[in-house]
Amino acid sequence: MTRQISFDEVKKHNNKDSVWIVIHNDVYDVTSYLEEHPGGEEALLDVAGKDGTQAFEDVGHSEDARTVMKKFKIGTLPPSEQSGSSNVTNCSNLKWAIVALAGAIVVGIVIKKYLS
Ligand code: HEM
């Protein structure tokens, strides 16, 4: 079973003595990886105690890197603190906005036809 770790706990591990990073809602302890990281320790320290998902994905890490990172996983954020669900909401809001916009355009065209 994976351990649940709150973001408040992650925040405490924000310096060289202990570096925890959240990536895709999973918590990684990369303290022992600082010196080995091909992207340098600065990159990891920048997001120590924070959510490093964006930074991690911006680099375009290889499959190899994703395999290596599994070794450092120590837990997962509690479901209430995970960020994936809010993205889904944003996404469906956007979908409805597009449907509404499309509807408005169709109504506009019909009205224009009737008026001319
Ligand atoms: C457990 C987490 C991580 C692991 C295991 C990891 C591993 C690696 C590996 C193996 C590489 C070599 C290139 C590749 O295979 O893609 C790499 C490159 C790099 N990483 Fe990470 N990384 C982690 C997290 C991060 C984070 C959070 C950042 C940014 C804040 C970061 C920034 C970079 C950068 C900038 C490079 C590019 C180096 C270059 O191309 O010169 N990494 N990382």
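The structure we're discussing is the one just above.
Residues numbered from 1 in each chain as written. Predicted model: local features only at pLDDT ≥ 70, side-chain atom pairs only at ≥ 80, totals over all residues. Heavy atoms only, no water.

### Observations regarding the pairing of strand β2 (residues 18-23)
The side chains of a regular strand alternate between the sheet's two faces. To keep things clear, this is the line we draw: The classification of residues rests on relative accessible area computed with a 1.4 Å probe and restricted to protein chains. Under 20% of the type maximum is buried, over 50% is exposed, and intermediate values are partly exposed. Strands are runs of DSSP state E lasting at least 2 residues, helices are runs of H or I lasting at least 4, and numbering of each runs from the N terminus. A strand pair is defined by DSSP finding two or more bridges across the two strands.
Extensive coverage of β2 is indicated by the burial of six of its six residues. Burial of the side chains of β2 extends over both faces: Ser-18, Trp-20 and Val-22 are buried on one face and Val-19, Ile-21 and Ile-23 on the other. Where strand β1 (residues 14-15) meets β2, two bridges bridge the pair, whose relative direction is antiparallel. Residue pairing in the sheet places Asn-14 in a bridge with Val-19 of β2.

### Re the environment of Leu-45
The condition that has to hold: Should any heavy atoms of two residues lie within 4.5 Å, those residues are counted as being in contact.
For Leu-45, the location among the structural elements is in helix α2 (residues 41-46). Spatially, the C-alpha atom of Leu-45 lies 18 Å from that of Gly-60, the residues being 15 residues apart in sequence. Leu-45 has contacts with Asn-15, Lys-16, Val-19 and Leu-34, leaving out every residue within four places of it along the chain.

### A word on a nonpolar patch on the surface
Keep this limit in mind: The patches reported here contain residues having more than 30% relative accessible area and no salt bridge. Joining distances are 9 Å for like charges and 5 Å for nonpolar side chains (Val, Leu, Ile, Met, Phe, Trp, Tyr). For accessible areas, the Shrake-Rupley method is used with a probe of radius 1.4 Å. Any residue's cover is judged against the shown protein chains and nothing else. Salt bridge, as applied in this entry: a Lys or Arg side-chain nitrogen positioned within 4 Å of an Asp or Glu carboxyl oxygen.
The grouping of Leu-101, Ile-105 and Ile-109 at the surface amounts to a nonpolar patch, some 310 Å² of accessible area in total. With respect to the helices and strands, Ile-109 occurs in helix α5 (residues 84-115).

### A word on the pattern of salt bridges
Using the criterion set out here, one finds five salt bridges in the structure. With a closest N to O distance of 3.2 Å, Lys-11 and Asp-8 form a salt bridge. On the criterion of helical spacing, the pair formed by Lys-11 and Asp-8 is a turn pair, its members being three residues apart in helix α1 (residues 7-12). On the basis of relative accessibility, which here comes to 45%, the residue Lys-11 falls in the partly exposed class. With its nearest N and O atoms 3.2 Å apart, the salt bridge here joins Lys-16 to Glu-41. Linking Lys-16 in the loop between β1 and β2 with Glu-41 in helix α2, this pair joins segments that are 25 residues apart in sequence.

### Some details on the sheet that holds β2
Pairing within the open sheet is antiparallel, and its four strands lie in the order β1-β2-β3-β4. Every interior strand has two partners, whereas the edge strands, β1 and β4 (73-76), have only one. Sheet topology note: the strand β3 (residues 26-29)/β4 ladder contains three bridges and is antiparallel. Its bridge partner being in β4, Asp-26 is matched across the sheet by Thr-76.

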